[in-house]
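# An overview of the molecular structure
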Amino acid sequence: MKKHLAHLLTGICIATLTACGGGSGTASTTPSLSGTAAVGAPLAGATIILKDGAGKTLIQTAGADGSYTFSDVSGFTAPLMVQATGTAGGTSYTLHSVLDTVPAAGVSGVINVTPATDAATAQAVGADPATVFADAAKIKTVDATKLADAKARLNAALKDVLTALGEDPSKVDLFTTKFAADNKGLDKLLDLVAISNNTATSGQAIQITDKNTQATNTIAPDAKPADVAKVTAPSSDDVKLDTSGIKTMLSTFNALTGTAADINSAAMLDIFDADFLDNGNNRATTIASIAKNAVGMQLSNYVLNGCNTSATPVVCQGQATSTKSDKSTETFTLPVVLGADNKWHPYGNRAPFKFELKPLAYQQNYVGTNAPAPTLQTGVNFSFTGYAGSSYDTSKPRTYQSVILYGSIDDGTTWTETTRLKVNSTCNGDYLPIDVGTSTSMACSNFKVVSNATAIANNNAAQAQGKKWFKIVAYPNADYTGTPTSYQHRSARPLFDATTGAAAVAASGLSITNSELGTNSVSFFGNLLDVNIGIQPVGLTYEAKREAWQDKSMINALGGKATIAAALAQCGSSCTTAYGSGAKITSIQLSNNDAHGRGIWVRWTIATNTTTTTSTTNNTTNNTTNYVCIANC
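Residues numbered from 1 in each chain as written. Predicted model: local features only at pLDDT ≥ 70, side-chain atom pairs only at ≥ 80, totals over all residues. Heavy atoms only, no water.

## Comments concerning the overall build of the protein
Summing up its helical and strand segments, the protein has 16 helices and 33 strands in all. Within the protein, the fraction of its 633 residues that count as buried is 48%. For the protein, the proportion of contacts with a sequence separation of at least 24, taken over those separated by at least 6, is 60%. Accessible surface, the protein as shown: approximately 28,400 Å² in total, 52% of it carbon and sulfur. (Helix = DSSP H or I, 4+ residues; strand = E, 2+ residues; numbered from the N terminus. Buried < 20%, exposed > 50% of the residue type's maximum accessible area, 1.4 Å probe, protein only. Contact = heavy atoms within 4.5 Å. Areas by Shrake-Rupley, 256 points an atom, 1.4 Å probe, with all protein chains shown as cover.)

Right, here's the structure in full:
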């Protein structure tokens with residue numbers, strides 16, 4: 001009887017298949033591709049484009065977890081390239097990947113897009129992958145052997161890291177091994193290291209930075225895998241650290257922002273660490289500010305930038321994106337701490353005052369008859385308001401009237417003064433300008449030009465070894481006296497030099513319609529963080545006013561055009577006469593960030609409006625312009 005019953009059950013299974021887990025009944029005959037776009041956080045909503053050497057193209061949108069699927073890739077011819085364009089942690093990414101074979105009929109293949117695949121692709125093609133992707137004929141020439149070599153070098157460098165994560169470096173293919181953006185396995189690799197491509201003299205080098213120590217390994221494009229220096233394996237504590245709870249923390253926060261009462265609740269207070277300190281604000285003042293100014297705000301796109309598991313408590317650095325109820329967005333650093341309750345909590349940057357220190361590449365373009373050639377400056381923008389915590393009230397004296405910035409390239413053993421800022425009665429901006437020896441100078445910039453090639457190389461070498469630090473010492477008096485307040489931190493971003501600065505500007509995609517400068521409307525292009533225009537008001541013959549749009553929603557509302565009408569709408573009735581018929585835009589500055597979070601600022605000015613002045617930095621004289629108004633405009 002049992003034998004007959006077995007035959008009967010087998011017959012039922014053959015007839016129905018799906019009821020017994022045997023399949024769908026009809027095997028798929030179409031090849032497909034799926035994958036994950038991630039950078040340490042999923043590239044949620046990213047545009048994913050698949051293209052072959054004949055120009056055949058498919059487009060998908062990544063899900064909230066960064067995953068995507070091309071359900072039918074029949075008719076495509078290898079090699080294939082994938083491009084993912086999206087944003088995470090406030091940084092815009094355009095990443096690439098290559099697949100040297102098309103899945104067979106009925107087979108579902110995998111092709112991921114991450115900073116690792118982008119860097120290896122760049123090394124394989126010997127150029128910026130975006131230029132290859134843009135030209136189908138170039139895709140056709142992608143060499144499978146060179147791609148395999150680049151992958152081998154990458155895996156050789158990551159051997160100890162992959163092993164520590166429980167992955168077999170001899171079998172893992174970061175391009176084609178399936179993974180989820182869940183802070184585990186191969187996704188945790190992206191939490192531990194930052195991978196990018198760097199232009200080298202012989203081609204594209206792969207740069208791998210340990211996010212915890214900031215130590216950097218560079219893989220030359222002609223290196224043999226056996227000769228590649230290995231990235232130091234993470235500690236067992238690094239591997240065991242579960243950071244997935246950070247997403248849970250963000251979700252809990254987001255659920256409590258619907259009303260001011262919810263924001264001011266005990267539940268919200270418990271989300272923040274009791275020792276929270278950020279730019280001088282404790283958790284109570286921070287929560288009060290959110291309740292007053294940001295009801296409905298939501299946090300997303302958290303990207304880890306390293307954790308210190310050797311200290312107690314464990315603190316992780318990272319950045320997130322906030323979206324307010326009006327859809328305006330802002331990116332900000334959000335350090336978190338693992339509490340005694342084994343939950344993650346916002347911890348703050350531990351700074352007693354508000355500041356920003358950002359490496360910059362700044363290009364000045366001139367428009368008009370006999371316009372001079374563009375000029376490029378590299379350096380650091382040091383933004384420091386002088387106000388502590390939430391006491392930002394320009395009607396009151398600043399808490400700090402002067403500040404000195406120091407740098408160290410030997411892990412804090414010795415410090416070198418680099419920049420002084422102090423109040424200047426002539427400058428009306430929010431930030432202290434660079435001290436040029438007088439309190440009435442018209443030089444109101446807080447952009448410090450750094451052009452000495454040796455100094456830049458030494459700083460970047462120290463940063464690559466995790467030994468570069470900065471220290472800020474702020475004083476209550478304008479003459480650098482009084483009880484100082486200090487803050488120091490490891491530097492995480494390399495400086496631009498002339499070569500990398502020019503390359504970053506070229507890759508930024510920032511541009512305008514030059515012929516429109518000098519009219520009441522100028523078209524601009526690129527993925528922007530800031531649009532800033534100079535205006536020649538009615539009745540004047542020179543540029544005398546400025547307007548800026550500094551968040552995504554405001555910039556998107558411009559529709560790709562900066563106009564006098566938009567400037568008037570922003571300035572209000574007090575500008576009706578100045579911005580009337582005849583007012584014109586005489587300069588425009590656009591900005592965004594590169595993958596390292598360094599600033600890229602490009603400015604266009606009508607040539608007849610330019611004058612030059614001279615500034616001295618690092619014992620090198622540099623030509624600059626009176627229009628260099630970086631943040632103190």
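## What about the packing of aromatic side chains?
Summed over the entire model, instances satisfying the criterion amount to 13 aromatic pairs. Between the aromatic rings of phenylalanine 355 and phenylalanine 470, the centroid separation amounts to 5.9 Å while the plane-to-plane angle is 65 degrees, which identifies the pairing as edge-to-face. On the criterion of sequence distance, the pair formed by phenylalanine 355 in strand β18 (residues 355–367) and phenylalanine 470 in strand β23 (residues 469–475) is long-range, its members being 115 residues apart. With a centroid separation of 5.6 Å and an interplanar angle of 55 degrees, the aromatic rings of phenylalanine 355 and tyrosine 487 are classed as tilted. Placement of phenylalanine 355 in strand β18 and of tyrosine 487 in strand β24 (residues 485–490) is noted, with a sequence separation of 132 residues between them. Every member of this aromatic cluster is reached through a ring pair, and the members are Phe353, Phe355, Phe382, Phe384, Tyr400, Phe470 and Tyr487. A cation over a ring is seen here: arginine 350 above tyrosine 347, with NZ or CZ 3.9 Å from the ring centre. (Phe/Tyr/Trp six-rings, centres within 6.5 Å; stacked < 30°, edge-to-face > 60°. Lys NZ or Arg CZ within 6 Å of the ring centre and 35° of its normal.)

## Concerning the sheet that holds strand β3 (residues 57–61)
Pairing is antiparallel in the open sheet, where 4 strands are placed in the order β3-β2-β5-β6. Edge positions in the open sheet fall to β3 and β6 (91–99), since each of these has one partner strand only. Neighbour to neighbour, the strand axes of the sheet diverge by 15 degrees on average, direction disregarded. Lying over the sheet, helix α2 (residues 115–125) contacts β5 (80–88) and β6, oriented at roughly 60 degrees with respect to β6. (Pairing = 2+ DSSP bridges. Axes fitted to C-alpha atoms, helices over the stretch in contact; angles between N-to-C directions.)

## Side note on the pairing of strand β9 (residues 203–210)
The side chains of a regular strand alternate between both faces of the sheet. Summarising burial for β9: 8 of the 8 residues are buried, a large majority. Pairing between β9 and strand β10 (residues 216–219): 4 bridges, direction antiparallel. If you follow isoleucine 206 over to β10, its bridge partner there is isoleucine 219. Two successive antiparallel strands, β9 and β10, enclose a turn made up of 5 residues, where glutamine 214 displays a positive phi of approximately 70 degrees.

## Considering the pattern of salt bridges
Two side chains with opposite charge may pair up if their charged atoms get near one another. Summed over the entire model, instances satisfying the criterion amount to 8 salt bridges. Across the pair arginine 420 and glutamate 417 runs a salt bridge, and its minimum N-O distance is 2.7 Å. Among the salt bridges present, the one from arginine 603 reaches glutamate 543, with a minimum N-O distance of 3.8 Å. Taken together, the residues span a long stretch of sequence, with arginine 603 in strand β31 (residues 599–606) and glutamate 543 in the loop between β27 (530–536) and β28 (545–549) at a distance of 60 residues. By the burial criterion, arginine 603 is buried, and glutamate 543 matches it. Salt bridges linked by common partners bring Glu543, Arg546 and Arg603 together as one network. (Salt bridge = Lys/Arg side-chain N within 4 Å of Asp/Glu carboxyl O.)

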